Structure formats: C-alpha cells, structure tokens
Amino acid sequence: TVMKEVFDTQSMEEELQVHLGIEEVHIVPGDSDVHGWVKKELGRTAVGVVKQRLQPSGNIIAVTGGTSIAAVAEMLVPDSDLKEALFVPARGGLGEQVENQANTICATMARKAMGSYRLLHVPDQLSREAYDSLINEPSVQSILKLIHSATMVIHGIGDAQTMAERRSTSPEVLEKLRRKKAIAEAFGYYFNAEGEIVHKVLTIGLQLEDLEHTDAILAVAGGASKAEAVEAYMKKAPAQVLVTDEGAAKRMLRRN
Ligand code: F6P
C-alpha cells in the first residue's frame, strides 16, 4: 500500500542518515540512472529543502554545475523569500558543457526564482600563471567575496571516473586518479574511499574548507552508480543535507 511505501522511505532515510553520519537525508523513489524523471524529483525535493533552509534575509546561494543541480534550477519557482536571494557559481570552469556549467545554472536559478545573480568568468584548465593573475583581478575579487560569504551551498557529487572522463582530463591526471584510487568528485576535488582529497582541479572560487563557515550545505546526487562516490565523499565532508534516490540509497545500505 501507499502508506507502507511512505513508511519504508522514512525509515530508509533515517537509516541512511546514521550510515552517512549527516543531519538530514531525503530519498525520492526510483533510480535516476534508469529513469530520467527521477532526477526531476531530486530537483523538486531539493527545492523544498532550499526553501526550508533560507535565512530571513541576506541569502547568498552558491551552486555547482552538473545535471543534478541543473534539475534543481528547473524546478525553482518564484517565491517571496527567494526574490531577495543572490545566486553565485561556487567555482570557476570545471570542464562542463554550457548547460551544465555552474554559471548557466546560477543564471537559470535567478531567472526562475526572480532573484539576482553574479557570474564568475574563469576558463577551464587554468595554468598556474593564469590563476595567479586572474585571482588578483578586481572583478574576480569582488565576486569571490560574495562566494566566500555564501549562506547556502547546493552541490552535486559525481563518480570520480565518470567525472574525469566527462571533463577533458589529461592522461597524466587520469593516471594520478587511478593510482590514488579516486572514488568521488565534488567541487572539482577528487576523493578516495576514505574521503581524503587526492586531486584538485585548479580553478578560482569556493574551497572545500570554506564550507565550514556555511550555514546550509545541500548535496544532490542520485543513481545506484553514485553510491560509492556519495559514501566516500560523506566520510569527511561537512555536508548536512543529502537529497538522493532509492537506487543510490539501497546500494549504500547494501539492500540490492
Ligand atoms: O562538474 C560539476 C559537478 O557538480 C561535479 O562537481 C559533480 O561531480 C558533477 O557535477 C555531478 O554531475 P551530475 O549531477 O550531472 O552527475
């Protein structure tokens, strides 16, 4: 019956909360690896969490790229509390297609929520020299200030191998990721099974340690193929809320 399903989801959410050691877990039915509509549900549920976690004023919401966060953007609707929110991309170029870049998602969110946004124009694959000079640009400095004072961060988590392939990662870095047994990726950082950082993409923006000062951190990641990645990332991450799906949750809890 429906009641039974509702109850089961709730107990699985509690179990997963304990398993991952985080504050809050939401599980939507289905597996986004198998059905595209499940990702939309991830987005819808995440929007609910965003609204719950808004501060009375001064909301600065930093977002990452990827299809899961793009789904969150698609599900946003105007809301009086969101109108005053400022959306910013969490980090600069990470090698995603335009529609899945943090900048694009950030602009879409602001449009849908009728809020405002600022963009961070930083090319992918920065050299050390380019990084050093860009970081001192006044326009970059002013948006970095906003990113560092984000009140909420909404981010995706990916499987390390999948993400390395999706970005045009050099053979040297691919080899390093293999050697260091990278399992998960988030924010341009790669992590091993213990949740330790094994590689970081050189780009400007939010650093992992900045999250320690963020009031609300929301991770959105589903699909059974991401189970190991989510578990690895959550080992050390300061994430508070995870929105995931049944496919990922069951595999994390060894139910399939
Ligand atoms: O590249 C941005 C990013 O948020 C990564 O940090 C993350 O691994 C990935 O996208 C998740 O993408 P998707 O939601 O499409 O699986």
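Calculation criteria
- Residues numbered from 1 in each chain as written.
- Predicted model: local features only at pLDDT ≥ 70, side-chain atom pairs only at ≥ 80, totals over all residues.
- Heavy atoms only, no water.
- Near = heavy atom within 4 Å.
- Polar contact = N/O pair within 3.5 Å; in protein donor to acceptor, adjacent residues only side chain to side chain.
- Areas by Shrake-Rupley, 256 points an atom, 1.4 Å probe, with all protein chains shown as cover.
- 1 Å grid on protein atoms, 1.4 Å probe; cavity = no way out; pocket = protein on both sides within 12 Å on 5 of 7 lines; lining within 4 Å.
- Sits in = over half its atoms within 2 Å of the grid points.
- Helix = DSSP H or I, 4+ residues; strand = E, 2+ residues; numbered from the N terminus.
- Pairing = 2+ DSSP bridges.
- Buried < 20%, exposed > 50% of the residue type's maximum accessible area, 1.4 Å probe, protein only.
- Phe/Tyr/Trp six-rings, centres within 6.5 Å; stacked < 30°, edge-to-face > 60°.
- Expected span 1.5 Å × (residues − 1).
- Contact = heavy atoms within 4.5 Å.
- Axes fitted to C-alpha atoms, helices over the stretch in contact; angles between N-to-C directions.
- Parallel < 35°, antiparallel > 145°, perpendicular 65-115°, else oblique.
- Left-handed = near helix turned anticlockwise from the far one by under 90°.
- pLDDT = per-residue confidence, 0-100.
- Salt bridge = Lys/Arg side-chain N within 4 Å of Asp/Glu carboxyl O.
- Points joined across faces, edges and corners; volume = space filled by probe spheres on them.
- Nonpolar A, V, L, I, M, F, W, Y, C, P; charged D, E, K, R; others polar.

### What to know about the site of the ligand
- Residues in contact with the ligand amount to 15 residues; listed here are only the nearest, Thr67, Ser68, Glu96, Glu185 and Lys226.
- Thr64 places a side-chain nitrogen or oxygen 3.2 Å from an oxygen atom of the ligand.
- Within the backbone of Gly65, a nitrogen or oxygen atom sits 2.7 Å from an oxygen atom of the ligand.
- With the chains in place, 97% of the 400 Å² that the ligand exposes on its own is no longer accessible.
- Of the pockets mapped on this structure, the ligand occupies the largest pocket.
- Among the elements of the structure, helix H3 (67-75), helix H7 (160-166) and strand S7 (184-186) are those that each provide at least two residues to the shell around the ligand.

### Some words on the sheet that holds strand S1 (residues 24-28)
- An order of S1-S11-S10-S5-S2-S3-S4 is seen for the 7 strands of this open sheet, with the pairing classed as parallel. A strand with exactly one partner marks an edge of an open sheet, and here the two such strands are S1 and strand S4 (116-117).
- Relative to strand S11 (residues 241-245), S1 runs parallel, the two being bridged by 5 bridges. For Val28, the partnering residue across the bridge sits in S11 and is Asp245.

### A look at unusual backbone geometry
- Non-glycine residue Gln125 carries a positive phi angle of around 55°.
- Taking relative accessible area as the criterion, Gln125 reaches 60% and is therefore assigned exposed.

### Description of the packing of aromatic side chains
- One pass over the structure, following the stated rule, counts 2 aromatic pairs.
- For the ring pair Tyr189 and Phe191, a centre distance of 6.4 Å and an interplane angle of 25° mean the geometry is stacked.
- Looking at Phe191, the relative accessible area reads 2%, which means it is buried.
- Pairing Phe191 with Tyr233 gives two aromatic rings, centres 5.2 Å apart and planes at 75°, and the pair type is edge-to-face. With Phe191 in strand S8 (residues 189-191) and Tyr233 in helix H9 (residues 227-234), this residue pair connects regions lying 42 residues apart in the sequence.
- The rings of Tyr189, Phe191 and Tyr233 are connected pair by pair, giving a single aromatic cluster.

### Regarding helix H2 (residues 36-53)
- Its 18 residues place the ends of H2 27 Å apart at the C-alpha level, agreeing with the 26 Å of an ideal helix rising 1.5 Å per residue.
- Residues of H2 that are buried include every one of Val38, Leu42, Gly43, Ala46, Val47, Val49 and Val50, and no others.
- Of the surrounding secondary structure, the elements contacted by the buried residues of H2 are S1, strand S2 (60-63), H3, strand S5 (152-156), strand S10 (216-220) and S11.

### A few points about the packing of H3 against helix H4 (residues 102-113)
- Between H3 and H4, whose axes approach to 8 Å, the crossing angle comes to 15°. One finds that H3 runs roughly parallel with respect to H4. Here the hand of the crossing between H3 and H4 comes out left-handed. Here Ile69, Ala70, Val72, Ala73 and Glu74 of H3 lie close against H4, whose contacting residues are Ile105, Thr108, Met109 and Lys112.

### Focus: the confidence of the model for the chain
- Residues of the chain with pLDDT of at least 70 account for 97%, and the chain-wide mean is 95.
- Predicted complex metrics record ipTM = 0.99 and pTM = 0.96.

### Describing the pattern of salt bridges
- Under the defined criterion, the tally for this structure stands at 12 salt bridges.
- With a closest N to O distance of 2.5 Å, Glu15 and Arg255 form a salt bridge. Of this pair, Glu15 sits in helix H1 (residues 2-20) while Arg255 is found in the segment after helix H10 (246-252), placing the two residues 240 residues apart along the sequence.
- The class for Glu15 is partly exposed, based on a relative accessible area of 35%.

### Let's talk about the layout of surface pockets
- Approximately 610 Å³ is the volume found for the largest pocket.
- Of all elements in the fold, only H3, H4, strand S6 (158-159), H7 and S7 reach the threshold of two or more residues within the lining of the largest pocket.
- Residue classes in the lining of the largest pocket are distributed as 13 nonpolar, 17 polar and 10 charged.
- Looking at the second largest pocket, its volume works out to about 290 Å³.
- Surrounding the second largest pocket, 16 residues form its lining, Gln125, Thr169, Val173, His199 and Val201 being those nearest its centre.
- By residue class, the composition of the lining of the second largest pocket is 6 nonpolar, 7 polar and 3 charged.

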